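Descriptive analysis of the structure
One letter stands for each residue in the lines below.
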Amino acid sequence: DLFASVEPILPSLREDGVAVWVLGAGPYPPGVVALQELLDAASEELEPEDVWQPQDMNDTCLYIFTSGTTGGCRGGTGRVGRRGGGGSALPDTPFPGLPKAARISHLKSIMCLGFYELVGASSRDVVYLALPLYHMAGSLLGIVGCIGIGATCVLKEKFSASQFWDDCRAEGVTVFQYIGELCRYLVNQPPRPGEREHGLRLAVGSGLRPDVWRSFLQRFGSIRIVETYGMTEGNVTLFNYTG
């Protein structure tokens, strides 16, 4: 969906040594890696451990551009990945000429497996996720978190306040991962019949204003809310367990 925004600057990206990977139907210009073709051609057999196992859990697993909520695009610093057997080395400057991205280590990625367990979810839950997957909240806490507890994940391509409760009923949703504005959108919707008739028991996320928190509970029923705070490049996360 976003390739059209990148295509005009492909020549300059190639000059800077930036690889462009795209997931979706092509065709694409020379130099662009079409991931879907590689996935379709890939063997289902697991490669030997020396290909995929990191030499050090503090090595770089991936880079994430943060939202810049407290400033411009931010970047973590520190060691980057080393070349492993059959793997590719990550450059010292991962994206030359572009804003620096936050460095996410293998260890931090693995720790995200425990996110939903920490907030009280389990394998019996159905998690509703409409957050962008290019940020840590959606990709690592959301997708990886669901993998960690073996929960079902309902992925919504784009959040819709008017469809939310219908989606929850249709899919049997029990957990909702939010950013604060999503809850405000729901509270600002015109009242509808049956909006307290749902199975949602837990909402977890960041940035929920106190007035929206109160209105959300008064309107939609007894839902446990766990507010968290953390930064992509930070080392500490706070959880409000008491509500």
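Reading the values: the criteria
Residues numbered from 1 in each chain as written. Predicted model: local features only at pLDDT ≥ 70, side-chain atom pairs only at ≥ 80, totals over all residues. Heavy atoms only, no water. Helix = DSSP H or I, 4+ residues; strand = E, 2+ residues; numbered from the N terminus. Buried < 20%, exposed > 50% of the residue type's maximum accessible area, 1.4 Å probe, protein only. Contact = heavy atoms within 4.5 Å. Pairing = 2+ DSSP bridges. Axes fitted to C-alpha atoms, helices over the stretch in contact; angles between N-to-C directions. Polar contact = N/O pair within 3.5 Å; in protein donor to acceptor, adjacent residues only side chain to side chain. Disulfide = S-S within 2.5 Å. Salt bridge = Lys/Arg side-chain N within 4 Å of Asp/Glu carboxyl O. Right-handed = clockwise from strand over helix to strand, strands pointing away. UniProt positions renumbered as here; feature names shortened; annotations may be inferred. Core = buried A, V, L, I, M, F, W, Y, C linked by side-chain atoms within 4.5 Å. Arc of directions from axis to C-beta.

An unreviewed UniProt entry lists the protein chain under the name Long-chain-fatty-acid--CoA ligase, from Lophotis ruficrista.

Side note on the environment of Leu-200
As for its placement among the helices and strands, Leu-200 is situated in the loop between α9 (180-187) and β8 (202-206). Residue classification places Leu-200 among the buried positions, given a relative accessible area of 4%. Taking the C-alpha atoms as reference points, Leu-200 and Gly-221, 21 residues apart in sequence, are found 9.2 Å from one another. Filtering out sequence-adjacent residues up to four positions away, Leu-200 remains in contact with Phe-164, Trp-165, Val-173, Thr-174, Val-175, Phe-176 and Ile-223.

Comments concerning the sheet that holds strand β10 (residues 238-240)
With respect to topology, 6 strands assemble into an open sheet ordered β6-β5-β7-β8-β9-β10, the strand pairing being mixed. Whereas interior strands pair on both sides, the edge strands pair on one side only; in this sheet they are β6 (152-155) and β10. Ignoring strand direction, the axes of neighbouring strands in this sheet form an average angle of 20 degrees. Sheet topology places β8 next to strand β9 (residues 224-229); 4 bridges connect them, and they run parallel. Counted as the bridge partner of Val-204 is Val-226 from β9. Packed on one face of the sheet, α9 meets β7 (175-179) and β8 and runs near 105 degrees to β7.

Thoughts on the side chain of Ser-139
Position of Ser-139 among the secondary structure elements: in helix α7 (residues 136-149). Note on Ser-139: relative accessible area 18%, which makes it buried. Within the structure, Ser-139 has its side chain in polar contact with the backbone oxygen of His-135 (distance 2.8 Å). Residues contacting Ser-139, with those up to four places away along its chain left out, are Ile-64, Pro-132, Leu-133 and Val-144.

Re the state of the cysteines
If you walk through the whole model with that rule in mind, you get 0 disulfides. Unpaired in terms of disulfides, Cys-153 finds its nearest cysteine sulfur in Cys-146, a separation of 4.1 Å.

Section: the pattern of salt bridges
With the rule as written, the count across this model stands at 7 salt bridges. Where Arg-219 meets Glu-195, a salt bridge forms, and the shortest distance between an N and an O atom there is 2.7 Å. Of this pair, Arg-219 sits in helix α10 (residues 210-220) while Glu-195 sits in the loop between α9 and β8; the two residues are 24 residues apart in sequence, bridging distant segments of the chain. Through salt bridges with shared partners, a single network forms among Asp-166, Arg-169 and Arg-192.

With respect to the pairing of β8
Within a regular strand, the side chains alternate between the two sheet faces. Of all 5 residues in β8, 4 are buried, a share of seventy percent or more. For the crossover from β7 across α9 to β8, the handedness is right-handed. Of the crossover connections in this fold, the one passing from β8 over α10 to the parallel β9 is right-handed.

Comments concerning the UniProt feature "transmembrane region" (unreviewed entry) in the protein chain
Within the UniProt annotation, "transmembrane region" (unreviewed entry) is assigned to residues 133-155. Secondary structure within residues 133-155 divides into 61% helix and 17% strand; the distance between the first and last C-alpha atoms comes to 10 Å.

Observations regarding the nonpolar core
Tyr-128, Phe-159, Phe-164, Trp-165, Phe-176, Leu-186 and Phe-216 are the most contacted members of the largest nonpolar core, which totals 27 residues. Phe-115, Ala-121, Ile-149 and Val-175 belong to the second-largest nonpolar core, a separate cluster that totals 12 residues.

Things to note about α10
Taken residue by residue, α10 has Val-212, Trp-213, Phe-216, Arg-219 and Phe-220 as its buried positions. When α10 is viewed along its axis, its buried side chains cluster within an angular range of 145 degrees and face the same direction. Exposed residues lying more than 90 degrees from the buried face of α10 are Pro-210 and Gln-218. Following α10 by one or two positions, Gly-221 has its phi on the positive side, about 105 degrees.

Things to note about α9
Looking at α9, one finds that the buried residues are Gly-180, Leu-182, Cys-183, Leu-186 and Val-187. All buried residues of α9 project into a common sector of 160 degrees when viewed along the axis, lining one side. Among the structural elements, α8 (164-171), β7, β8 and α10 are those in contact with the buried residues of α9.

Observations regarding the environment of Gly-234
In this fold, Gly-234 is placed in the loop between β9 and β10. Relative accessible area serves as the criterion here: at 15%, Gly-234 is assigned to the buried category. The spatial distance from the C-alpha of Gly-234 to the C-alpha of Ala-102 is 9.4 Å, given a sequence separation of 132 residues.

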